[in-house]
Amino acid sequence: MIAAVVALLVGLALGALAALEFERRRRGRALSRRAPVHRIAFPFTGEGLSEPALVAALRLARAEGATLMPVYLALVPLRLSVEVPLPVEAAQALPLLEAIEQRALRAHVPVDSRIERGRTVRHAMREMMEHEHFERMVVAAGANGLGDGFSAEDVAWLVEHAPGELIALRPAQPTTP
Amino acid sequence: MSSQHGRLKVFIGMAAGVGKTYRMLQEGQAEAEAGRDVVVGYLEPHGRVETESLAAGLEVLPRRRTHYRETPLEEMNLAAILARAPELCLIDELAHTNAPGMEHEKRYEDVREVLEAGIDVFSTVNVQHLESLNDQVTQLTGTRVRETIPDAVLSAADEVVLIDVTPEALIARLRAGKVYPSERVPAALNNFFKVENLSALRETALRQVAEGVEVKRLAPPPTVASSRREDRLVKAAAPQAISERLLALVTLSPRAQRVVRRAWRSAQRLGAELDLLTVRTPGRAGGQTSSEEREQLEALRRLASILGAQLLVEEGDDVAEVAIRVARERGSTYVLMGAPKPRNAWRRLTQPALPFRLLRGLPGVDLRIVADRTLREEPPAPEEPLL
């Protein structure tokens, strides 16, 4: 009698464990199914992180089930080796990337952040294009000195060189009364 | 001449004028008074009267005269030192680059030959001349130093003496004309000799020497280790490290970035070195690595380079074992890791979780688990003002 009860208890315990394990794996599979297969690059510099462009990039990433790849472009002065560690730039970049990640997580958008360095914005973007794969790029255009975005020359360069689609967001012109 | 290798003692300072040459001469005089055969192989007093007077009484070997592009130059006379074969030779400015046509391109190479001849050497160097610190110092001060020495030269020194003065005291010395002739003082004050530059250099010099001391202390003794019980007890009682050293365990996934960010910020706050460790399953190092993993590894490498962290890629079936070995080898005082992946029931029953194994395998080492924010309960998206 006791043996039967023990066997029953052991059976129940094993069954419960198996059920838990099945549920854990099911969740894991569901998470991995949600994992997007493509990425949207969002390059920016320490001088200009455009809120409207970030919102647009997040909206797009969420709509498409894509991963947002915010890329901080760190500019290395000519007097330094391009390979030198950049603690000052990193101290600026990491909180920005962290903030973007927080917002993206609240919007249920997966994030894969990067820091790319270069002598100029274009050099850093060229490095980014060489190292990373992405299907789309969202950039802020700081037209006529408005907004925190790339210069018209940089955007024109991107139009010519960027792989995949390029979405350049121009800030709205101020309305005159 | 002795068949033994000579001993190298280096006097290091944050900048010109701190008193490295002065201290070298003082110690040289003390050695001479103690009865040792001391000569000055090369002295660069920069016209400082106090320094010149301190060399009085010591034998100064003649310099070697040469010409470079019709400019007469004077260099250290290596042949004369080797022929004279003193017990101790004082050689200023270890990072100096010799004129073309000398035996070696750099003075530290001359010094190596002097040491190999069994002659002890006292020498001087500034911290910005160290190769590994050159870029860092350039970034701190905006001035690049062209004459550098490999760090191994300093590491190989038997003794390193830090000559330390406060930036304010050094600037006062400069103003008093004790460092440069009066006509060079205004330019020096406007360029290199600023309190902020000197403070940064001083910190670098102090850190460099402290790290050197620590490395020497942690390194195994050159002789065969004694198995005496008291020796083992002393070794066991010795602290493993003075300064903090962080080890971050990272996987090849986007989540690793968060761990690296946290680890770097902690390292910055503690003034610690940061190592990043990723453990890969043996046999996957080559073609079997997925393109995504390769991409993540490259991204991690670039991030480590920007942050000044060291990326270590190790192979092993057991992450805990590898992490414990690496942490011991590197003298890590702090380990950071992401939240471990959920394990299956069998593993949960048969093996303790990674954090517990690390805590057990690394007594005295702090462990921090960086939370995965994707698992946090958040309000539903419609309440999010962003979208």
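Fair warning: this is a prediction, and the values are worked out from it, not measured in the lab. (Residues numbered from 1 in each chain as written. Chains lettered and ligands numbered in written order. Predicted model: local features only at pLDDT ≥ 70, side-chain atom pairs only at ≥ 80, totals over all residues. Heavy atoms only, no water.)

1. Here we look at the overall build of chain B
Argument step 1. For chain B, the helix and strand inventory stands at 15 helices and 13 strands.
Argument step 2. The 387 residues of chain B split such that 45% are buried.
Argument step 3. Partitioning the contacts of chain B with sequence separation of at least 6, the portion at a separation of at least 24 is 72%.
Argument step 4. For chain B, the accessible area works out to roughly 20,200 Å², and carbon and sulfur atoms hold 51% of it. (Helix = DSSP H or I, 4+ residues; strand = E, 2+ residues; numbered from the N terminus. Buried < 20%, exposed > 50% of the residue type's maximum accessible area, 1.4 Å probe, protein only. Contact = heavy atoms within 4.5 Å. Areas by Shrake-Rupley, 256 points an atom, 1.4 Å probe, with all protein chains shown as cover.)

2. A few points about the packing of helix H3 (residues 87-106) of chain A against helix H11 (residues 255-270) of chain B
Angle between the axes and distance between the axes: these two values describe a pair of packed helices.
Argument step 1. Viewed as axis vectors pointing N to C, H3(A) and H11(B) meet at an angle of 135°, and their least axial separation amounts to 11 Å. Here H3(A) is positioned oblique relative to H11(B), judged by the angle of their axes. Along this stretch, H3(A) crosses H11(B), giving a crossing that reads as left-handed. On H11(B), the residues touching Pro87(A), Ala90(A), Ala91(A), Leu94(A), Pro95(A), Leu97(A), Glu98(A) and Glu101(A) of H3(A) are Arg258(B), Arg261(B), Arg262(B), Trp264(B), Arg265(B) and Gln268(B).
Argument step 2. The class makeup of the residues in the contact of H3(A) with H11(B) is seven nonpolar, one polar and six charged. (Axes fitted to C-alpha atoms, helices over the stretch in contact; angles between N-to-C directions. Parallel < 35°, antiparallel > 145°, perpendicular 65-115°, else oblique. Left-handed = near helix turned anticlockwise from the far one by under 90°. Nonpolar A, V, L, I, M, F, W, Y, C, P; charged D, E, K, R; others polar.)

3. Focus on the side chain of Arg261(B)
Argument step 1. By secondary structure assignment, the location of Arg261(B) is in helix H11.
Argument step 2. Apart from residues no more than four positions distant in its own chain, Arg261(B) is found in contact with Leu94(A), Leu97(A), Glu98(A), Glu101(A) and Ser113(A).

4. Some details on the pattern of salt bridges
Argument step 1. Taken as a whole and judged by the stated rule, the model has 36 salt bridges over all chains.
Argument step 2. Residues Glu101(A) and Arg258(B) are paired through a salt bridge, measuring 2.9 Å at the closest nitrogen-oxygen approach. Here Glu101(A), found in helix H3, pairs with Arg258(B), found in helix H11, and the two come from separate chains.
Argument step 3. For Glu101(A), a relative accessible area of 6% corresponds to the buried category.
Argument step 4. A salt bridge links Glu132(A) to Arg302(B); the shortest N-O distance between them is 2.5 Å. Residue Glu132(A) is located in the loop between helix H4 (121-131) and strand E4 (136-140), and its partner Arg302(B) is located in helix H12 (residues 291-307); the two belong to separate chains.
Argument step 5. Through salt bridges with shared partners, one network takes in Arg39(A), Asp112(A), Arg114(A), Glu116(A), Glu132(A), Glu295(B) and Arg302(B). (Salt bridge = Lys/Arg side-chain N within 4 Å of Asp/Glu carboxyl O.)

5. A few points about the packing of helix H13 (residues 319-330) of chain B against helix H15 (residues 354-361) of chain B
All names here are of chain B.
Argument step 1. At a minimum axis distance of 10 Å, the contact between H13 and H15 shows a crossing angle of 35°. Considering how the two elements wind past one another, H13 and H15 form a crossing that is right-handed. Of the residues in H15, those touching H13 at Val 319, Ala 320, Ala 323, Ile 324 and Arg 328 are Leu 354, Arg 357, Leu 358 and Gly 361.
Argument step 2. By residue class, the composition of the contact of H13 with H15 is six nonpolar, one polar and two charged.

6. Focus: the confidence of the model for chain B
Residue and element names in this part refer to chain B.
Argument step 1. Averaged over all residues, the pLDDT of chain B is 81; the fraction at 70 or higher stands at 84%.
Argument step 2. At the level of individual helices and strands, chain B shows its lowest average pLDDT in helix H10 (residues 229-237), which scores 44, and its highest in strand E6 (residues 88-91), which scores 96.
Argument step 3. Throughout residues 221-241 the model reports pLDDT below 50, and contacts reaching past four residues in sequence, or to other chains, amount to twelve contacts. (pLDDT = per-residue confidence, 0-100.)

7. Re the interface of chain B and chain A
Argument step 1. Facing the 34 residues of chain B at the interface are 40 residues of chain A.
Argument step 2. Contact between chain B and chain A buries roughly 3,500 Å² in total, counting both sides, with carbon and sulfur atoms accounting for 55%.
Argument step 3. Linking chain B with chain A are seven salt bridges, by the criterion used here.
Argument step 4. For the pair chain B and chain A, the number of links is 13 residue pairs in polar contact (both at pLDDT 80 or more).
Argument step 5. Mapped by element, the contributors of at least two residues to the side of chain B that touches chain A are helix H5 (131-141), H11, H12 and helix H14 (345-350) of chain B.
Argument step 6. The element contributing the most residues to the side of chain B that touches chain A is H12(B), with eight residues.
Argument step 7. Partitioning the side of chain B that touches chain A into residue classes produces eleven nonpolar, ten polar and 13 charged. (Buried area = accessible area lost by both parts, 1.4 Å probe. Polar contact = N/O pair within 3.5 Å; in protein donor to acceptor, adjacent residues only side chain to side chain.)

8. Focus: the sheet that holds strand E8 (residues 159-163) of chain B
Two orientations exist for strands paired in a sheet by backbone hydrogen bonds: parallel and antiparallel.
Residues and elements named next belong to chain B.
Argument step 1. Strand order in the open sheet made by the six strands is E3-E2-E6-E7-E1-E8, with parallel pairing throughout. For this open sheet the edge positions go to strand E3 (59-60) and E8, each flanked by a neighbour on one side alone.
Argument step 2. With two bridges connecting them, strand E2 (residues 38-42) and E3 associate as parallel partners. Looking across to E3, one finds that Val 40 is bridged to Val 60.
Argument step 3. Taken strand by strand, helix H1 (residues 20-33) contacts strand E1 (8-13), E2, E6, strand E7 (120-126) and E8, and its axis lies near 165° from that of E7. (Pairing = 2+ DSSP bridges.)

9. Structural notes on the sheet that holds strand E10 (residues 273-280) of chain B
All names here are of chain B.
Argument step 1. Strands sit in the order E11-E10-E9-E12-E13 across an open sheet of five strands; the sheet is parallel. Because the sheet does not close on itself, it has two edges, and the strands there are strand E11 (310-315) and strand E13 (366-370). Taking the axes of each pair of neighbouring strands and ignoring which way they run, one obtains an average angle of 25° across the sheet.
Argument step 2. For strand E9 (residues 245-249) and strand E12 (residues 334-338), the ladder comprises four bridges, and the chain directions are parallel. Each residue of the ladder has a partner; that of Leu 247, found in E12, is Val 335.
Argument step 3. Helix-sheet contacts for H13 involve E9, E10 and E11, and the interaxial angle to E11 is about 135°.

10. A short note on the nonpolar core
Argument step 1. Grouped together as the largest cluster of nonpolar side chains are 61 residues, with contacts concentrated most on Leu90(B) and Ile91(B).
Argument step 2. The residues contacting Leu90(B), other than those within four sequence positions of it, are Met24(B), Leu25(B), Gly28(B), Val38(B), Val39(B), Val40(B), Gly41(B), Tyr42(B), Leu58(B) and Phe122(B).
Argument step 3. In terms of nonpolar packing, the next biggest core, distinct from the first, is built from 52 residues, Leu54(A), Ala107(A), Val260(B) and Ile306(B) among them. (Core = buried A, V, L, I, M, F, W, Y, C linked by side-chain atoms within 4.5 Å.)

11. Thoughts on the packing of aromatic side chains
All names here are of chain B.
Argument step 1. In total, this model carries three aromatic pairs over all chains according to the counting rule given.
Argument step 2. With a centroid separation of 5.8 Å and 75° between ring planes, the pair formed by Phe 11 and Phe 122 is classed as edge-to-face. Of this pair, Phe 11 sits in strand E1 while Phe 122 sits in strand E7, and the two are 111 residues apart along the sequence.
Argument step 3. When its relative accessible area of 7% is taken as the criterion, Phe 122 is described as buried.
Argument step 4. Residue placement shows Arg 63 over the ring face of Tyr 42; its charged tip is 4.2 Å from the ring centre.
Argument step 5. Stacked on the ring of Tyr 42, the Lys or Arg Arg 107 has its end atom at 4.0 Å from the ring centre. (Phe/Tyr/Trp six-rings, centres within 6.5 Å; stacked < 30°, edge-to-face > 60°. Lys NZ or Arg CZ within 6 Å of the ring centre and 35° of its normal.)

12. Quick word on helix H7 (residues 167-175) of chain B
Since the α-helix packs 3.6 residues into each turn, any two residues three or four apart lie on the same face.
All names here are of chain B.
Argument step 1. Those residues of H7 not exposed but buried are Pro 167, Leu 170, Ile 171 and Leu 174. Each buried residue of H7 sits inside an arc of 100° when the element is viewed along its axis, so together they form one side.
Argument step 2. Of the residues trailing H7, Gly 177 is marked for its positive phi of about 75°. (Arc of directions from axis to C-beta.)

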